[in-house]
Amino acid sequence: MYSVLPEVRSQHLGEELQGFWDKEVLRAGNDAQKPSLTRAIIKCYWKSYLVLGIFTLIEESTKVIQPIFLGKIINYFEHYDPMDSVALHKAYAYAAVLTFCTLILAILHHLYFYHVQCAGMRLRVAMCHMIYRKALRLSNMAMGKTTTGQIVNLLSNDVNKFDQVTVFLHFLWAGPLQAIAVTALLWMEIGISCLAGMAVLIVLLPLQSCFGKLFSSLRSKTATFTDIRIRTMNEVITGIRIIKMYAWEKSFSDLITNLRRKEISKILRSSYLRGMNLASFFSASKIIVFVTFTTYVLLGKVITASRVFVAVTLYGAVRLTVTLFFPSAIERVSEAIVSIRRIQNFLLLDEISQRNRQLPSDGKNMVHVQDFTAFWDKASETPTLQGLSFTVRPGELLAVVGPVGAGKSSLLSAVLGELAPSHGLVNVRGRIAYVSQQPWVFSGTVRSNILFGKKYEKERYEKVIKACALKKDLQLLEDGDLTVIGDRGTTLSGGQKARVNLARAVYQDADIYLLDDPLSAVDAEVSRHLFELCICQTLHEKITILVTHQLQYLKAASQILILKDGKMVQKGTYTEFLKSGLDFGSLLKKDNEEGEQLSVPETPTLRNRTFSESSVWSQQSSRPSLKDGAVESQDTENVPATLSEENRSEGKVGFKAYKNYFRAGAHWIVIIFLVLLNAAAQVAYVLQDWWLSYWANKQSALNGTVNGGGNVTQRLDLNWYLGIYSGLTVATVLFGIARSLLVFYVLVNSSQTLHNKMFESILKAPVLFFDRNPIGRILNRFSKDIGHLDDLLPLTFLDFIQTLLQVVGVVSVAVAVIPWIAIPLVPLGIVFIFLRRYFLETSRDVKRLESTTRSPVFSHLSSSLQGLWTIRAYKAEERCQELFDAHQDLHSEAWFLFLTTSRWLAVRLDAICAMFVIVVAFGSLILAKTLDAGQVGLALSYALTLMGMFQWCVRQSAEVENMMISVERVIEYTDLEKEAPWEYQKRPPPAWPHEGVIIFDNVNFMYSLDGPLVLKHLTALIKSREKEPVLFTGTMRKNLDPFDEHTDEELWNALQEVQLKETIEDLPGKMDTELAESGSNFSVGQRQLVCLARAILRKNKILIIDEATANVDPRTDELIQKKIREKFAHCTVLTIAHRLNTIIDSDKIMVLDSGRLKEYDEPYVLLQNKESLFYKMVQQLGKAEAAALTETAKQVYFKRNYPHIGHTDHMVTNTSSGQPSTLAIFETAL
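Structural notes, computed from the coordinates. Computed from a prediction, not measured in an experiment: that's the story for all the values here.

1. Observations concerning the packing of helix H2 (residues 37-78) against helix H7 (residues 171-190)
Running from N to C, H2 and H7 cross one another at 20 degrees; their axes reach a closest spacing of 10 Å. Classed by the angle they form, the pair H2 and H7 counts as roughly parallel. As for the relative orientation of H2 and H7, their crossing is right-handed in sense. For the pair H2 and H7, contact is made by Gly53, Thr56, Leu57, Glu60, Lys63, Val64 and Ile68 and by Phe171, Trp173, Ala174, Gln178, Ala181, Val182 and Leu185, respectively.

Following this line, the structure appears as structure tokens:
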């Protein structure tokens, strides 16, 4: 690839346009108007674009002049006199001018296209630069008004309109001008009857635009259905484990099938419209010529070959411009205006006030907050933070604690300057480093993530790695810290990402550290390491504000701030709190709980944070940790190496793909009929023109014989000639329409069939398939590839078939008239085939390159938006902008190649056509003796239409082949390996199972055939169901009870049990409130409670709880545990946990280490053994906590085994009597 010219660099272009836009904003401000982006664009680009208008002018005039010379040549044949050498020389001169015009057209057209597409590219690149620059400066208010998706959409769809609009813009004036010129010439040629033809042309225009309007309204309806289908698909694929566990495949399959049926019915309608449109385009010229000459003959004029074919060619020239270029210019301009308006609204959103944090003159860093009150949302009455005051000086650690939604994260954003005060003040002196609650990593190496633009200093770097407990993790990664992280950190687990985030902050060596709950994504041991080594030692001279739920660390804090509902409840040191007898429990729950939790401020502005499943990092899980990353990774380009590489089929699309594609659509009899119909349509098309030339010949023959004896022009039998002519015209139109509709019917049908097959095969695929392939890759098949099959492929296919048949028609007519033409056709054909093969190989790769280089532009934008606060806290906007520009320039290089290669081919194809025209023109003059004027007219006028059409045909053939790749990809997914059938012949009795017993008998288990063993020789007997916070879009009711099996009362009771009843009742639609995508309008804790309610409703015998409470605060945790003990008293419960206090009262504890069963006994028994792993883990927690846990274990043990000792309790259980058996599985980490 060639590097970009300095004047097309993203930075240069962006700053240029930004300058004009800034001036425009200033001007509008002074005149109290709304600034107009269109005006800025015009001011920036009008000069260079105007020059290109000259090209259009020359090109369109040449198209109008060509037919005149054609007429002169045919004229020579009409008055053919072998003796007249002057006439012959003149005819040669005319032929030379005709071919010269053809060559000019061939060259000019492509020069013009190349330059306008470059202009479009410049505008697009400049726009993208401005959009990204704006995105980095958005205030949080503005972030609430827009979403990441919307900004990415501006960058992917809206900006592309500029590429298209520049191509057609000049036709807005060239079209009408050309129409006027053609009408004048026709008037001179055939008089008043030309108006009849023009009238038809003008009637066709509104008809087409009417089709267009109908089509776009259908299109938007289809788009809504498609969106819903893809969103549902996304959730099916994300929640596939849950769906398979609950055996919900049938019902989800019905859901998708219904959605798809609605979508297809709309698609068929819009396809028929498109078919009508193409058919009308195909037969428009025929109808126009028919009307013109019928009028002409009926007015009593005599038809001659020169008149017929001059008219045909002139109409041909104007028809393209008037029915294709002019309407699409209007359409593109209106689309572009809409896009410009959307971009303009985005560029006018609020920016964050650029507060320059001054470095203190006296070297005293500090954070001082006084009477601070602020709102995330100006509309709401209750402030997010109210009346806060505190001061932190170097060497101090301020711990901020409080329940969920207390405003802890908001407090940090206030210090960052992200949350503007409504009153009060924030005074920050010093450089800030910020660790967000959602760990943010960008694609690049682990090292580049930590350095974040700073220079690499080995010693300091090693220290940081050690302090942040990353040493071991980096040794485990195969390339160490040079391992490339995928788009959203796909190679790292949640805990690793959190620590990379922390390391980034520590390496910055700033003065002020804002840490938003960095300890919750890691287990007890690591969390302790981070707190002691990193926060207390490495950062001990700095100003540190730590938001946390780990109450055991509060002792180390210099001061503690307790928040509740945005207000400061109390502030002081740990000892002061103890003296005042303040019970932490009243605020948060007792001291010996280890809380880890993700707090989500209840504010719309922060909703678009994505949740990482912070708890899912157990290093044993040998599966590449997809849980964290690929949640919505749409790009398949940067999927890390751990995933299987997506297989691209190289080379040409096999014949088999075409066969399968057509056979999916219809029976082979229908397909044979379709082929015949196509042939018939083309034959009628050619015969209609041939009949005209035959008629003209007969007429001129008559004139010739009569001329000798007095000048009486004899009439031919009008009824006979006109009758046949009308019949042929009607046949052409009818065949054209029938063929279009049938092609669309067959192809859309096959799209439907293939989609259903693919979906069925996906649902039956084993879970391993979903681990191996990221969601983005599977979804891509359902969105992009099926989209091609529904929408673009049928259209392109039909277009290709039409133009191909026309090209064949042109060549056969020429060969029929002058058989000698076949000789030069052979070398031309060979050259053409060679060119096409050579071009297709290159262009496919160039196209791939172009789309591969486009992805980083989008992923850079979306990852920047996710890490917006971090980027701004570190003042890294400049660097991100430079990176963005670099990505853009890379894409421009590929795009430039794409433009030039396609022009390269086009010029050569048009040269072949020009050769053909030359051969026909001069060949007919050389063989003048044997030819009629009508035949020459037919052959030459046909040859001239070949110019644009031939290369369009080749283009479309390449497009069809490219889109058939989508068909191949879909077919590839229709036969995946299947899991066992959904239903067995032997059905268990309806009440089965009666009790949940689980037996492991020497189980070895791995996730994939070539993966490592995850469980090794596990043998255990458990007298045992899955809970993972997966919510689906739809109402709350749908989430609890997808198939309406329970009454409302049961649902409310279940919600009451998990203490969500009040929350749900406060919602506007109560139980029918729509959940946002994957439930993001609930905090992670709340989502888990909803899943628990789902479990309570289903009353299963076995309950598996996987880390159910990692994301809720200690208080809620206790509630969940209590509920589980009550509600599932008759069940077997398996708990997988990192928090010891949640499981200390289980019946038995199973400790696993690297997949092997190490210990399995009652908790108290394990604690008696000082050598046991479990004992060591409990001791890790510190003396007080360990003692409390041991005490609890002891009570439970005695209560269970010796109920008569000690106070009896209604919870007396005896394992043998089938009473609750709970079991905790504990994995060691680190």
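2. A look at the side chain of threonine 313
Tracing the backbone shows threonine 313 in helix H11 (residues 305-347). Reaching out from threonine 313, the side chain makes a polar contact with the backbone oxygen of phenylalanine 309 at a distance of 2.5 Å. With near-sequence residues (within four places) excluded, threonine 313 lies in contact with Pro67, Leu70, Ser941 and Leu944.

3. Concerning the nonpolar core
Phe77, Ile762, Phe797, Phe950 and Met964 are the most contacted members of the largest nonpolar core, which totals 142 residues. The greatest single-element share of this core, amounting to 21 residues, is contributed by helix H29 (residues 933-972). Aside from chain neighbours lying at most four places away, what touches phenylalanine 950 is Val807, Phe832, Leu909, Ile912 and Cys913.

4. Remarks on helix H31 (residues 1048-1057)
For H31, the complete set of buried residues consists of Leu1051, Trp1052, Ala1054, Leu1055 and Glu1057. Positive phi appears at glutamine 1059, one or two residues downstream of H31, with a value of about 60 degrees.

5. A few points about the pattern of salt bridges
Within the structure shown, the criterion is met by 29 salt bridges. Two residues, arginine 27 and aspartate 31, come together in a salt bridge whose shortest N-O distance is 3.3 Å. In this pair, arginine 27 and aspartate 31 both sit in helix H1 (residues 10-31), four residues apart, roughly one turn of the helix. We classify arginine 27 as partly exposed; its relative accessible area is 24%. For the salt bridge of arginine 342 with aspartate 158, the shortest nitrogen-to-oxygen distance reads 3.2 Å. In this pair, arginine 342 sits in helix H11 while aspartate 158 sits in helix H5 (residues 148-158), placing the two residues 184 residues apart along the sequence. Among the residues examined, aspartate 158 registers a relative accessible area of 6% and is labelled buried. Counted as one network, the salt bridges with shared partners bring together Glu24, Arg27, Asp31 and Arg39.

Cut-offs and rules
- Residues numbered from 1 in each chain as written.
- Predicted model: local features only at pLDDT ≥ 70, side-chain atom pairs only at ≥ 80, totals over all residues.
- Heavy atoms only, no water.
- Axes fitted to C-alpha atoms, helices over the stretch in contact; angles between N-to-C directions.
- Helix = DSSP H or I, 4+ residues; strand = E, 2+ residues; numbered from the N terminus.
- Parallel < 35°, antiparallel > 145°, perpendicular 65-115°, else oblique.
- Left-handed = near helix turned anticlockwise from the far one by under 90°.
- Contact = heavy atoms within 4.5 Å.
- Polar contact = N/O pair within 3.5 Å; in protein donor to acceptor, adjacent residues only side chain to side chain.
- Core = buried A, V, L, I, M, F, W, Y, C linked by side-chain atoms within 4.5 Å.
- Buried < 20%, exposed > 50% of the residue type's maximum accessible area, 1.4 Å probe, protein only.
- Salt bridge = Lys/Arg side-chain N within 4 Å of Asp/Glu carboxyl O.

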